[in-house]
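# Close look at the chain arrangement
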Amino acid sequence: MYNDNCMPVKSFEREYRWKKKIDDVKTRLFGPLLRVLVWLHISPNFLTFMGLLSMSAFIFFESKKSLIAIGLLLLAVIFDQLDGSLARYTHQDSDRGKFIDAVSDAISFTLFMAGVVENGSVRPVVGIIFLFSVSILKVFLLFRKSIALKTDWFLKPFMGLWGFVPVAISYI
């Protein structure tokens, strides 16, 4: 069976069934924390912003090789996991939120690589090759998803491209 774009629907159904199961497990795992965040009126976009802020602070402390850097990195990862779970829990998930999350992930990953390159843990050439490879892979995956799914947001087909503008700028 194929959709309007001549793409096999069965493979996408299987992928999204697994994604839904994983999302359900994360929602159950984070359930008590999600209820507290709702009670505090914290939005998913605020968590996304806090993740970016944590990753930005990581660069400063990473160069000093401190435990604070590890804590900030862990905090950024937790914020990244919580924002989507909170959006689904409060029924605020949307294509726009997914776009913001994709851009945030791209920026966070670029900041992380900048921190480890600056620290000398990774050679600059290896960091650039790794950033480029991951960026291309994500663009292809996001483009593949945008072809197969109907959307409530008109910019979705270009979502992957706009999300990696900061990565492209970091190469200059």
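Residues numbered from 1 in each chain as written. Predicted model: local features only at pLDDT ≥ 70, side-chain atom pairs only at ≥ 80, totals over all residues. Heavy atoms only, no water.

## Points about the overall build of the chain
When helices and strands are tallied, the chain shows eight helices and zero strands. Ordered by position in the sequence, the α and β elements of the chain form the string α-α-α-α-α-α-α-α. Expressed as a percentage of the 172 residues in the chain, the buried residues total 30%. Within the chain, counting contacts between residues at least 6 apart in sequence, those at least 24 apart form 69% of the total. Looking at the chain as shown, the accessible area adds up to about 11200 Å², and 72% of this sits on carbon and sulfur atoms. (Helix = DSSP H or I, 4+ residues; strand = E, 2+ residues; numbered from the N terminus. Buried < 20%, exposed > 50% of the residue type's maximum accessible area, 1.4 Å probe, protein only. Contact = heavy atoms within 4.5 Å. Areas by Shrake-Rupley, 256 points an atom, 1.4 Å probe, with all protein chains shown as cover.)

## Brief notes about the side chain of T110
Take T110: it is sitting in helix α5 (residues 95–119). By relative accessible area, which is 11% here, T110 ends up buried. A polar contact is formed between the side chain of T110 and the backbone oxygen of A106, at a distance of 2.8 Å. (Polar contact = N/O pair within 3.5 Å; in protein donor to acceptor, adjacent residues only side chain to side chain.)

## Quick notes on the packing of aromatic side chains
Here the structure, examined in full by the defined rule, presents three aromatic pairs. Seen in terms of ring centroids, F58 and F112 are 5.7 Å apart; in terms of plane orientation they differ by 25 degrees. Their pairing is stacked. With F58 in helix α3 (residues 44–62) and F112 in helix α5, this pair connects stretches of sequence that are 54 residues apart. You can call F112 partly exposed: its relative accessible area is 26%. Ring centres of F60 and F61 lie 5.0 Å apart, and the angle between their planes is 85 degrees; this geometry places the pair in the edge-to-face category. The exposure class assigned to F61 is partly exposed, which follows from its relative accessible area of 25%. (Phe/Tyr/Trp six-rings, centres within 6.5 Å; stacked < 30°, edge-to-face > 60°.)

## Some words on the confidence of the model for the chain
Note that predicted coordinates carrying low pLDDT should not be read in detail. Of all residues in the chain, 73% attain a pLDDT of 70 or more, and the chain-wide mean is 76. Across the chain, helix α2 (residues 31–39) holds the top mean pLDDT of 91, while helix α7 (residues 159–163) sits lowest at 44. Segment residues 151–165: pLDDT under 50, and 25 contacts once partners within four positions in sequence are set aside and those in other chains are kept. (pLDDT = per-residue confidence, 0-100.)

## Some remarks on the packing of α3 against α5
In the contact formed by α3 and α5, the axes pass within 8 Å of each other and the chain directions differ by 10 degrees. Here α3 lies roughly parallel to α5, going by the angle between them. On the side of α3, the interface is formed by N45, T48, G51, L52, M55, S56, F58, I59 and E62, while α5 contributes I100, S104, I107, S108, L111, F112, A114, G115, V116, E118 and N119. For the contact of α3 with α5, the class distribution of residues is 10 nonpolar, eight polar and two charged. (Axes fitted to C-alpha atoms, helices over the stretch in contact; angles between N-to-C directions. Parallel < 35°, antiparallel > 145°, perpendicular 65-115°, else oblique. Nonpolar A, V, L, I, M, F, W, Y, C, P; charged D, E, K, R; others polar.)

## Side note on helix α4 (residues 67–89)
For α4, with 23 residues, the first-to-last C-alpha span of 32 Å sits near the 33 Å given by 1.5 Å per residue. If you check which residues of α4 are buried, you get A69, L72, A76, F79, L82, D83, S85, L86 and A87. Of the residues trailing α4, H91 is marked for its positive phi of about 60 degrees. (Expected span 1.5 Å × (residues − 1).)

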